[in-house]
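Architecture at a glance
Chain by chain, the residues run as shown.
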Amino acid sequence: MDTRLLLLADSRLPAGGHAHSGGVEPAATAGAVTDLASLSDFLAARLSTAGLVTAALAAASCSFAHSSRDHAVVRAGLGGQLHDHGGEGGRDGEGLWRVLDAEVDARTPSPAQRTASRAQGRALLRVARTTWPHPALDALAAHSPRDHAVVRGGPREQLHDHGRWGGGPHHPVVLGAAAAAAGGTPRQAAAIAAYGSVTGAASAAVRLLGLDPLAVQQALAVLADDVDAVAARAAAEPDDWAALPAVSAPGLDLLAELHLRSEVRLFES
Amino acid sequence: MTAKTAARYRARAAVTAERDRHGRTRLTRLRSDGPLAVREAEGAVYLVGAAAGPLGGDDLGLDLEVGPGARLAVRSAATTLTLPGDGESRFTVRARVGAGGHLDFAPEPVVAVAGCHHRAVTEITLAEGATLRWRDELILGRYRERPGRHTSRIDVTLAGLPLLRHELRLDDPGVYGGVAVLGTARAAGTLLLVGTGLVGEPVTGEGLAVMPLAGPGVLISATAGDSAALRRRLCQGESAATPAGDLPSALQDARAATPHH
């Protein structure tokens, strides 16, 4: 057990994670998650779709953060990416961070989810840079907008897609780089991402539905082996970006879009 | 016919569309192979099933090449049934579209039959300025039938950058039957539009999400109780994605385009 990684996985990390319900609020509003049983099903489905994808992207980012200090390693290990994306952003580490960020965009068709991911990425980046200085985090911050540029207007403004990098780098990219900065491996970055994909949603459900916290905790414990299995799969081949999992969850996409239009909501997403 | 006695196919069909010096599209390659037959008719190239399936163990591929400035529409004559057999069946489509080219791929739905074990892989490479209309429709089993294992993934790059990587995995009913994925829907589909002049803000409806991508494209995602309702929702989404009177010119042209030999 590494305390730095425990800090990164902790929901008390001041990175704004509490403002996001992982799709539980819109699902509850739609009457699709109402009790412990439906929550358990929701968490399991979320883990093997969005959870797997974000864990794989976090593992890729962690691996790249470790290697990006050494451009020779980058060229050797990520030759495919450099070849495929040679026209974009040059052949330096900075251009490749943009490519990895675009890999998140490509796996996130829902504009509402892209906005939520960038908001969480931006908040986590601020904490991580203060806590674990690392060149990879600096490279990500170099392209993030200043805080005053953050759009905090009504739904219409929030719907606006700020384009690649606008609004902050995507959350799994920052999470992977932060895990690397804290000394973690890609497998550990994947584990933190997979774990976070269900714990945040579970605690939101307790608040939204008034579920018994002990029962929800037990439901999470039942999922523990699945979380480990997803993390192992997610970190299997972190350097082949194009081939990383891209499992979609059409229900989550639709719920996320509906959520942004609802009048009353407790959570950002 | 049983799977054990059925011959396994390994087939590669191909279509190439090129723009000639008069600006017209010519089909310079139209290659059928085994159970995958391609025929030119009514302004489109039709995929015609020359045999049942794919069956488990079959490995089928289709290569589509659309040269710069050329236009190609691909349809199919009937629904495709993915059938059980000896191992996994696979259908790989690779498409390349050159600058100013347009590919409109909209075959009839695929039905994931009980006991099937199928993987559909689609890799699309778009040059800068290429446009695309790509439809995927999946029916979860025949009437009152639970589908077999079915995975479909589409990867689209535009000018070397990833635009969409999207996989629908039906392997665990406990996962895909949940509200997070398909819920109780019996049909799911997507329509991807790539080009300019598409809607910039998301639109939602019952079982329908019209989602502008980070790049120049819109993904229309729909679920429904049956294939007819699915098609209606995708059409509704396409109308919403292409604002009236403001159809992307490339898409507009493609609807009237007729390939010539």
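The rules we used
Residues numbered from 1 in each chain as written. Chains lettered and ligands numbered in written order. Predicted model: local features only at pLDDT ≥ 70, side-chain atom pairs only at ≥ 80, totals over all residues. Heavy atoms only, no water. Phe/Tyr/Trp six-rings, centres within 6.5 Å; stacked < 30°, edge-to-face > 60°. Helix = DSSP H or I, 4+ residues; strand = E, 2+ residues; numbered from the N terminus. Buried < 20%, exposed > 50% of the residue type's maximum accessible area, 1.4 Å probe, protein only. Pairing = 2+ DSSP bridges. Axes fitted to C-alpha atoms, helices over the stretch in contact; angles between N-to-C directions. Core = buried A, V, L, I, M, F, W, Y, C linked by side-chain atoms within 4.5 Å. Contact = heavy atoms within 4.5 Å. Buried area = accessible area lost by both parts, 1.4 Å probe. Salt bridge = Lys/Arg side-chain N within 4 Å of Asp/Glu carboxyl O. Polar contact = N/O pair within 3.5 Å; in protein donor to acceptor, adjacent residues only side chain to side chain. Parallel < 35°, antiparallel > 145°, perpendicular 65-115°, else oblique. Nonpolar A, V, L, I, M, F, W, Y, C, P; charged D, E, K, R; others polar. Left-handed = near helix turned anticlockwise from the far one by under 90°. pLDDT = per-residue confidence, 0-100.

Below, the discussion takes up the packing of aromatic side chains. What describes a pair of aromatic rings is the distance from one ring centre to the other and the angle between the planes of the rings. On inspection of all chains with the given rule, the structure shows three aromatic pairs over all chains. With a centroid separation of 3.9 Å and an interplanar angle of 15°, the aromatic rings of Phe105(B) and Trp134(B) are classed as stacked. Placement of Phe105(B) in strand β9 (residues 102–105) and of Trp134(B) in strand β12 (residues 131–139) is noted, with a sequence separation of 29 residues between them. For Phe105(B), a relative accessible area of 4% corresponds to the buried category. The exposure class assigned to Trp134(B) is buried, which follows from its relative accessible area of 1%. Connected via pairs of aromatic rings, a cluster forms that spans Phe64(A), Trp97(A) and Trp241(A).

All names here are of chain B. Side chains of β9 alternate between two faces, with His102 and Asp104 and Leu103 and Phe105 buried alike. Sheet topology places β9 next to β12; four bridges connect them, and they run parallel. Within the sheet, the bridge partner assigned to leucine 103 lies in β12 and is leucine 132.

Let us look at the sheet that holds strand β8 (residues 89–97) of chain B. Residue and element names in this part refer to chain B. Strands sit in the order β2-β1-β5-β8-β11-β13-β14 across an open sheet of seven strands; the sheet is mixed. Pairing within the sheet leaves two strands with one partner each, and these edge strands are β2 (25–31) and β14 (161–170). Pairwise comparison of adjacent strand axes, ignoring direction, gives a mean angle of 10° for this sheet. Pairing of strand β1 (residues 10–19) with strand β5 (residues 59–66), which is carried by eight bridges, proceeds in the parallel orientation. Its bridge partner being in β5, alanine 14 is matched across the sheet by aspartate 63.

Here the focus is the nonpolar core. Counting 84 residues, the largest nonpolar core has Leu8(A), Leu39(A), Leu43(A), Trp97(A), Trp241(A) and Val181(B) as its most contacted members. The element best represented in this core is helix α3 (residues 36–67) of chain A, accounting for 16 residues. Within the second largest apolar cluster, 39 residues are counted, among which are Ala13(B), Ala70(B), Leu126(B) and Val156(B).

Next up on the list: the environment of Pro162(B). All names here are of chain B. With respect to the element layout, proline 162 can be found in strand β14. Looking at proline 162, the relative accessible area reads 0%, which means it is buried. Residues proline 162 and threonine 125 lie 37 residues apart in sequence; the distance between their C-alpha atoms is 9.3 Å.

Across the contact, 32 residues belong to chain B and 40 residues belong to chain A. Between chain B and chain A the total buried area reaches about 3,000 Å² when both faces are included, carbon and sulfur atoms providing 61% of it. When residues of chain B are sorted by the area they lose upon contact with chain A, Leu161(B), Arg165(B) and Ala180(B) head the list and together hold 21% of the total. Our enumeration of links across chain B and chain A arrives at one salt bridge. The interface formed by chain B and chain A contains 10 residue pairs in polar contact (both at pLDDT 80 or more). In terms of residue count, β14(B) provides more of the side of chain B that touches chain A than any other element does, nine residues in total.

Residues and elements named next belong to chain A. At a closest axis distance of 8 Å, the pairing of helix α6 (residues 93–106) and helix α10 (residues 171–181) adopts a crossing angle of 130°. In terms of orientation, α6 and α10 fall into the oblique class. Seen from α6, the contacting residues are Trp97, Leu100, Asp101 and Val104; seen from α10, they are Pro172, Val173 and Ala177. Partitioned by chemical class, the residues of the contact of α6 with α10 number six nonpolar, no polar and one charged.

Glancing now at the packing of α3(A) against α10(A). Residue and element names in this part refer to chain A. Look at α3 against α10: their axes get within 7 Å of each other, and the N-to-C directions meet at 45°. When the interaxial angle is binned, α3 and α10 end up oblique. Regarding α3 and α10, the two cross each other, and that crossing is right-handed. Residues Thr54, Leu57, Ala58, Ser61, Cys62, Ala65 and His66 of α3 pack against Pro172, Val173, Gly176, Ala177, Ala179 and Ala180 of α10. Classifying every residue of the contact of α3 with α10 gives nine nonpolar, four polar and no charged.

Detailed conclusions should not be drawn from predicted coordinates in areas where pLDDT is low. All names here are of chain B. Mean pLDDT over chain B: 91, with 90% of residues reaching 70 or higher. Residue range residues 1–5 is modelled with pLDDT below 50. Its contacts to residues more than four positions away, or to other chains, number seven contacts. Low pLDDT, under 50, characterises residues 252–261; the stretch is placed with 21 contacts to residues that sit more than four places away or in other chains.

A word on the environment of Glu65(B). Residue and element names in this part refer to chain B. Structurally, the position occupied by glutamate 65 is in strand β5. A residue is classified by how much of its surface remains accessible, and glutamate 65, at 32% relative accessible area, is partly exposed. Glutamate 65 sits 38 residues away from leucine 103 along the chain, and the two C-alpha atoms are 9.0 Å apart. Other than its neighbours up to four places away in sequence, glutamate 65 contacts Val15, Thr16, Ala17, Arg29 and Arg96.

This part is about the pairing of strand β17 (residues 208–212) of chain B. All names here are of chain B. Across the five residues of β17, five count as buried, placing the element largely inside the fold. Burial of β17 is two-sided: the residues Leu208, Val210 and Pro212 facing one way and the residues Ala209 and Met211 facing the other way are all buried. Taken together, the three bridges between strand β16 (residues 203–205) and β17 define a ladder with antiparallel strand orientation. Pairing of threonine 204 across the sheet is with alanine 209, part of β17. Here β16 folds back onto β17, and the loop between the two strands holds two residues, one of which, glycine 207, carries a positive phi near 65°. Where β17 lies against strand β18 (residues 217–224), five bridges are found, and the strand directions are antiparallel. Of the residues in β18, the one forming a bridge with methionine 211 is leucine 219. Where β17 folds back on β18, the antiparallel hairpin that results is connected by four residues.

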